[in-house]
Amino acid sequence: DVKVTQSSRYLVKRTGEKVFLECVQDMDHENMFWYRQDPGLGLRLIYFSYDVKMKEKGDIPEGYSVSREKKERFSLILESASTNQTSMYLCASRSSESYTFGSGTRLTVV
Amino acid sequence: GENVEQHPSTLSVQEGDSAVIKCTYSDSASNYFPWYKQELGKRPQLIIDIRSNVGEKKDQRIAVTLNKTAKHFSLHITETQPEDSAVYFCAASRGGYQKVTFGIGTKLQVIP
């Protein structure tokens, strides 16, 4: 089975901090994605990457950036965390049409 | 871009009853429609999908139907069980490596 591992399950950060969320997949998938999940808003795409060093903005990229230096790792960066970025963050990868999601990181910005 | 609307947002059914979740999409070029189930505290997982060349697909107690003309598709769960309680997401894409757009999710509660 494909594994998508997110480094932290829960994270608490202060407003203004730079935050790194890490995601690693073990099946050589080219496509990787970052979503945030909020009640009543579903899954919203932040950024995605089709290959190493490639990145594309999703639907809500403001306040975020990403890094894909290696195929297996896709990092989401909050340059200056704000309280409205408190959310559940889900990483996903795919080799065909179906997604494999990570377990999520619940980020709280105080 | 694609817009996927999903309803209801919450659904409660008695164990053994059927549950239906409906989605509509806007992009007539969409041809791949997956459904994901997310149990409490767990990751979303693909449970069934359907392509535009098929009108219905079944897998044990779950089935999906697609009406291309009306641009809507539905998830049907029969003989619901407590373990069916979860959030269900519908999605649509043009297939292949195209972007997938998700609905907002339906929280299904099966009451024993």
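Residues numbered from 1 in each chain as written. Chains lettered and ligands numbered in written order. Predicted model: local features only at pLDDT ≥ 70, side-chain atom pairs only at ≥ 80, totals over all residues. Heavy atoms only, no water.

Chemist: Please provide a residue-by-residue account of the overall build of chain B, values included.
Modeler: Summing up its helical and strand segments, chain B has 0 helices and 11 strands in all. Helices (α) and strands (β) of chain B occur, in sequence order from the N terminus, as β-β-β-β-β-β-β-β-β-β-β. For 112 residues, the compact-globule estimate of 2.2 N^0.38 gives 13 Å, and chain B sits close to it at 13 Å. Principal axes of the C-alpha set define a box for chain B whose edges measure 40 × 25 × 20 Å. (Helix = DSSP H or I, 4+ residues; strand = E, 2+ residues; numbered from the N terminus. Rg over C-alpha atoms; globule rule 2.2 N^0.38 Å.)

Chemist: Help me get a handle on the pairing of strand 1 (residues 4-7) of chain B, residues and values and all.
Modeler: Residues and elements named next belong to chain B. By the alternation rule, side chains of strand 1 split into V4 and Q6, which are all buried, and E5 and H7, of which none is buried. One ladder, built from 4 bridges, connects strand 1 with strand 3 (residues 19-25); its direction is antiparallel. Bridged to V4 within strand 3 is Y25. (Buried < 20%, exposed > 50% of the residue type's maximum accessible area, 1.4 Å probe, protein only. Pairing = 2+ DSSP bridges.)

Chemist: How would you explain the side chain of S65 of chain A if you had to name every residue and give the values?
Modeler: All names here are of chain A. Relative to the elements of secondary structure, S65 occurs in strand 7 (residues 64-70). Taking the relative accessible area as the measure of exposure, S65 reaches 15% and is therefore buried. At a separation of 3.0 Å, a polar atom in the side chain of S65 contacts the side chain of E79. (Polar contact = N/O pair within 3.5 Å; in protein donor to acceptor, adjacent residues only side chain to side chain.)

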